Amino acid sequence: LDGLAAAAGDPLIGWGRMPMDGRNQFNDMGAVFVSEDGRSWRAIPIDHAVNAANASSISGVAAGPGGYLAFGAVCCEPESPAIWHSPDGSAWTRQEITGDLAEGGFNPARTVSGADVWVAAGTDAPGTTGTLWASADGLSWDPVLSVELGMPGWPMDVALTADGFVAIATITGPDGTHDGAIWTSTDGRDWQRVSEDDPALVGQGESRLDRIVPFAGGLAIIGGHGSTEDRRQCEGISMIGELPPAPQPPAISCGWAFDHLWLSPDGGRWQRVDPADARGLHPIEFRKVVGGGPGLVLLGEASGPESPDTTLFTSPDGIRW
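Residues numbered from 1 in each chain as written. Predicted model: local features only at pLDDT ≥ 70, side-chain atom pairs only at ≥ 80, totals over all residues. Heavy atoms only, no water.

Asks: In this structure, what is going on with the state of the cysteines? I would like to understand it.
Replies: Defined simply, a disulfide is a covalent bond joining two cysteines at their sulfur atoms. This model, assessed by the stated rule, comprises one disulfide. With its sulfur 1.6 Å from that of its partner, Cys75 forms a disulfide with Cys76. Negative torsions about the S-S bond denote left-handed disulfides, and the value of about 50° found for Cys75 with Cys76 makes this one right-handed. By relative accessible area, which is 31% here, Cys76 ends up partly exposed. (Disulfide = S-S within 2.5 Å. Buried < 20%, exposed > 50% of the residue type's maximum accessible area, 1.4 Å probe, protein only.)

Asks: Help me understand unusual backbone geometry in this model?
Replies: Here Cys75 and Cys76 are connected by a cis peptide whose omega angle stands at 15°. Within the secondary structure, Cys76 is located in the loop between β6 (67-75) and β7 (80-86). Here the residue pair Glu77 and Pro78 is connected by a cis peptide bond, since its omega of -5° sits within 30 degrees of zero. The residue Pro78 is located in the loop between β6 and β7 in this model. Phi at Asn27 takes a positive value of approximately 55°, unusual for a residue other than glycine. Following the sequence through the fold, Asn27 ends up in the loop between β2 (12-19) and β3 (28-35). Its relative accessible area of 35% is what places Asn27 among the partly exposed residues. If you check the backbone angles, Ser195 has positive phi at about 55° while not being a glycine. Structurally, Ser195 is set in the loop between β17 (192-194) and β18 (206-215). (Helix = DSSP H or I, 4+ residues; strand = E, 2+ residues; numbered from the N terminus.)

Asks: I would appreciate a short explanation of the pattern of salt bridges in the present structure.
Replies: Opposite charge on two side chains makes pairing possible when the charged atoms of those side chains draw close. Evaluation of the coordinates by the stated rule reveals ten salt bridges. Notably, a salt bridge pairs Arg17 with Asp28, separated by 2.8 Å at the nearest N-O pair. Of this pair, Arg17 sits in strand β2 while Asp28 sits in strand β3, and the two are eleven residues apart along the sequence. Of the residues examined, Asp28 reaches a relative accessible area of 16% and is grouped as buried. Of the charged contacts, one joins Asp157 and Arg110 as a salt bridge, the two residues approaching to 2.7 Å between their closest N and O atoms. Of this pair, Asp157 sits in strand β14 (residues 157-161) while Arg110 sits in strand β10 (residues 108-113); the two residues are 47 residues apart in sequence, bridging distant segments of the chain. Arg110 carries the same exposure label as Asp157, and that label is buried. (Salt bridge = Lys/Arg side-chain N within 4 Å of Asp/Glu carboxyl O.)

None of this, on its own, says anything about what the molecule does.
In structure tokens form, the structure reads like this:
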């Protein structure tokens, strides 16, 4: 099970994989798992319009106009992005991807929806451009915002709030450092950048925004923050091509960003929170964060002596855990 989608009054829908012996080289298939009560589950393979040599994969499920969308890909003969639609979560039909999205490549990290529009956030194939696409029916998609990312492969994310949509990305600022960037939209199609001069997001140091999570207290962004000196040192020692030849290439891993949270009550004013400032046992890794209870629930590594250990934390505000 890779993820879980839930909406008030709707069934719970999870997604992941299930075994299907002899179907393809992997002997499995992408699947959704449906439950009305969270206790009894039905496993449903996502195999419509997937030939016998191929396997499907699901990267997310979202509820919206006319039912549900499962978005993912088919591998490997040929390999291509794919979308399946279901009116109730039980029967899934693969849809033809049309519009500008079909021509520009479809690699969504997240899809959300309002009353009459779907919005998907993702990157192009090289990973250098983040894009938001919008669709009225989940079938025909048009780009509504394109952003040059601060580093290839960094994500772009989008979420739905009571006031509309919020999108985040990491860009290169005027001073050459990495900054957090935030856009808002009331209709999912017209976007405006906000908080451009907020010192919690831009300026000195390196910031990386990964995921945005709405909760009762406002908005939380999960990402990383570090010094420009550390980032430049990592880039320097990672240039494998400049090292002298060796029988085996050296194994190099270097990171400059430590997990941080950005918090805002309204999306306009932001506070960057370093978990290392907390007293006592606290999270040092934000593997999974969701809104609930009415604050935040976090799964990740803790600061205790047994670290790396996986611990479940709760917080009323994203500061105290």
